[in-house]
Amino acid sequence: MQSTFHGLETARRAMFTQQTALHTTGHNIANANTPGYSRQRVNFTQTEAYPNPGMNRPDIPGQLGTGVSAGAIQRIREGFLDTQYRAETSKFGYWDARQVALHKMEDIMNEPTEDGLAQTMDRFWTSLQDLSVHPEDSGARSVVRQRGMAVAETFNYTSESLKAIQRDLKNEINVTAEEVNSLARQINNMNTQIASVEPHGFLPNDLYDQRDQLVDRLSQLVNVKVEPVGSGGLALDIAEGKYTIKLVDQNGRDIGVTLVDGKRLEANEMKVAYDDDTGLVEAVYFASQKTQEDPNFDYKTNGGVSKFTVDNFHAAGKMKADLESYGYIAKNGEEKGLYPEMFQNLDQMVFAFAAEFNAVHNSGWSLNEIAAGEKSDPPINFFEYRGADLTIVNFKGAASNLKVSDAIMAGLDNIAASTDYQGKGFSGDGSNALALANVKDASLNFGGTTTNVQSFYQGVIGDMAVHTNEAERMMRNSDTLRLSVDQRRESVSGVSLDEEMTNLIQFQHAYNAAAKMISVVDDMLDRIINGLGR
């Protein structure tokens with residue numbers, strides 16, 4: 001036989017449950033503008049019907065419902081969209097960092113402008129042509145020296161400015177590595193907190209949100225894959241568990257590094273090692289925090305360490321782009337990267353150009369040599385290198401150390417404008433100056449590529465422009481896809497105030513109806529208790 005107060009209990013449960021829904025709605029409204037917040041809902045669950053099946057059950061028609069309860073408060077999130085968003089974020093992080101590095105390089109190269117290297121060299125060639133017309137004019141000689149100095153200083157400035165940007169990139173790499181480690185530690189701490197809550201049957205929705213925000217940020221730095229691990233105990237089926245985070249390549253394949261271990265509640269940390277000789281990145285290492293706590297720990301010799309050369313490190317993201325831009329030692333020992341390759345091109349160009357220019361200059365006669373009646377010994381170079389002994393095999397640093405020779409700086413009459421005619425030169429002859437001007441069109445060997453200086457330089461600038469355009473295009477594409485997925489994710493997880501206000505009214509009326517139910521039952525009981533048997 002059912003209880004007389006059955007209706008009171010049913011209404012009480014309804015009131016409490018609707019009240020919980022109202023509180024959750026209020027929580028959603030309060031966090032409508034909180035970054036990373038996922039809206040929450042109360043999963044309404046019917047309470048167990050009366051009576052339970054059994055041999056001695058009361059003989060009543062069917063089962064009578066006993067009300068409602070709040071089964072769980074669950075956040076609304078779609079895991080597939082998170083996976084998509086993080087994949088696009090990794091691509092965006094890679095291309096964004098790459099296009100920033102290339103834009104900085106373009107700013108330094110300053111082409112095509114009036115102050116660019118191409119214009120500076122053109123003015124140098126023009127001054128030599130003027131000298132060929134007026135070989136004895138000190139003004140024309142001074143202009144050649146000044147414009148030669150401008151060429152050398154432009155190469156110096158370009159090279160040194162690129163090195164300054166490269167140093168900034170090194171700092172950026174170290175900061176990014178520290179951020180990766182910090183995020184891994186924070187995610188591991190979140191895992192620990194979640195693991196202490198879920199086994200008691202609760203859903204720590206706010207901790208889930210905070211952890212997902214950390215993973216979103218981490219995915220911009222390196223490409224990651226998330227694998228949930230159950231917390232055990234009395235955890236609900238809809239509990240999200242702890243996160244194991246692995247580094248993956250662009251196809252989602254595991255590259256062998258577990259950054260956060262959800263089972264062991266451990267986090268690995270990244271370290272970037274640099275080559276002692278070149279200063280470029282030698283390798284990227286990963287080891288657990290516990291391993292690194294050993295005071296004698298050494299990444300290069302200790303066990304339990306994952307090592308990657310940059311060309312083997314396929315977890316694309318901002319870190320990968322910064323490593324490739326700064327420069328690294330490839331697995332075959334070569335120096336690779338955007339900036340090292342630009343340095344190599346500039347040094348190659350300067351060395352080939354200066355060697356050819358000096359060879360033509362040495363073949364001519366200067367006014368001092370014509371006056372002395374014999375060639376200088378050793379011959380006078382127009383260009384030389386500041387404190388560097390460079391060869392055709394080792395020309396590293398040519399661009400940063402190029403200068404007009406001390407002999408040319410000491411006297412304008414040391415510029416060899418006259419061609420050698422059977423062991424003699426003539427002061428009114430400017431044909432060697434014209435030959436020097438023609439070095440512009442001479443075919444030179446630039447490390448296996450035979451072309452003139454201008455064409456080689458145009459090729460270098462053209463390659464840079466192609467890389468920059470590609471980076472910009474890919475950055476825009478990946479950003480568009482990332483934002484598109486984010487909008488879809490927001491449409492699922494974001495708080496809509498219109499929807500929350502509708503829910504508010506719905507739950508409020510349900511609460512009021514439950515209260516009215518109590519009032520009706522009260523009237524019924526009043527009739528039974530006070531109105532019968534008078």
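Refer to the preceding data block for the structure.
Residues numbered from 1 in each chain as written. Predicted model: local features only at pLDDT ≥ 70, side-chain atom pairs only at ≥ 80, totals over all residues. Heavy atoms only, no water.

It is worth spelling out the packing of helix H4 (residues 138-197) against helix H5 (residues 205-221) at this point. At their nearest, the axes of H4 and H5 sit 10 Å apart, and the two run at 155° to each other. By the angle between their axes, H4 is roughly antiparallel relative to H5. The chirality of how H4 crosses H5 is left-handed. Residues Thr176, Glu179, Val180, Leu183, Gln186, Ile187, Met190, Asn191, Gln193 and Ile194 of H4 form the contact with H5, whose participating residues are Leu207, Tyr208, Gln210, Arg211, Leu214, Val215, Arg217, Leu218 and Leu221. (Axes fitted to C-alpha atoms, helices over the stretch in contact; angles between N-to-C directions. Helix = DSSP H or I, 4+ residues; strand = E, 2+ residues; numbered from the N terminus. Parallel < 35°, antiparallel > 145°, perpendicular 65-115°, else oblique. Left-handed = near helix turned anticlockwise from the far one by under 90°. Contact = heavy atoms within 4.5 Å.)

Under the criterion given, the structure shown has 33 salt bridges. Arg12 is paired through a salt bridge with Glu9; the nearest N and O atoms lie 2.4 Å apart. Residue Arg12 and its partner Glu9 are located together in helix H1 (residues 6-30), separated by 3 residues, close to a single helical turn. The class for Glu9 is partly exposed, based on a relative accessible area of 29%. Measuring nitrogen to oxygen at the nearest pair gives 3.8 Å for the salt bridge that ties Arg77 to Asp212. Pair noted here: Arg77 is in the loop between strand E2 (68-75) and helix H2 (79-109) and Asp212 is in helix H5, with a separation of 135 residues, a long-range link. For Asp212, a relative accessible area of 0% corresponds to the buried category. It is possible to trace a salt-bridge network through shared partners that takes in Arg75, Arg77, Asp82, Arg86, Asp209, Asp212, Asp216, Glu240, Asp486 and Arg489. (Salt bridge = Lys/Arg side-chain N within 4 Å of Asp/Glu carboxyl O. Buried < 20%, exposed > 50% of the residue type's maximum accessible area, 1.4 Å probe, protein only.)

Next up on the list: the pairing of strand E6 (residues 266-274). Along E6, 7 of the 9 residues are buried, which leaves the element largely enclosed by surrounding structure. As paired strands, strand E5 (residues 254-261) and E6 are joined by 2 bridges and run antiparallel to one another. Paired with Val260 across the bridge in E6 is Ala267. Taking the residues that link successive antiparallel strands as the turn, the E5-E6 hairpin has 4 residues, and the phi of Leu265 there is positive, at about 55°. Pairing of E6 with strand E7 (residues 281-288), which is carried by 7 bridges, proceeds in the antiparallel orientation. Residue pairing across strands places Ala273 opposite Ala283, the latter belonging to E7. As consecutive antiparallel partners, E6 and E7 are separated by 6 residues, and within that stretch Gly279 has a phi angle of approximately 80°, a positive value. (Pairing = 2+ DSSP bridges.)

Across its 60 residues, H4 extends 87 Å between first and last C-alpha, which sits within 8% of the 88 Å expected from 1.5 Å per residue. Of the residues flanking the start of H4, the one acting as N-cap is Asp137, its side-chain oxygen 3.2 Å from the backbone nitrogen of Gly139. (Expected span 1.5 Å × (residues − 1). Polar contact = N/O pair within 3.5 Å; in protein donor to acceptor, adjacent residues only side chain to side chain.)

The next point concerns unusual backbone geometry. The residue after Tyr50, namely Pro51, is reached through a cis peptide bond having omega 0°. You can see Pro51 is positioned in the loop between strand E1 (40-46) and E2. The residue Leu265 is not glycine, and still its phi comes out positive at about 55°. Position of Leu265 relative to the elements: it lies in the loop between E5 and E6. Since its relative accessible area comes to 28%, Leu265 is described here as partly exposed. Non-glycine residue Gln422 carries a positive phi angle of around 50°.

Keep in mind these values describe shape, not function.
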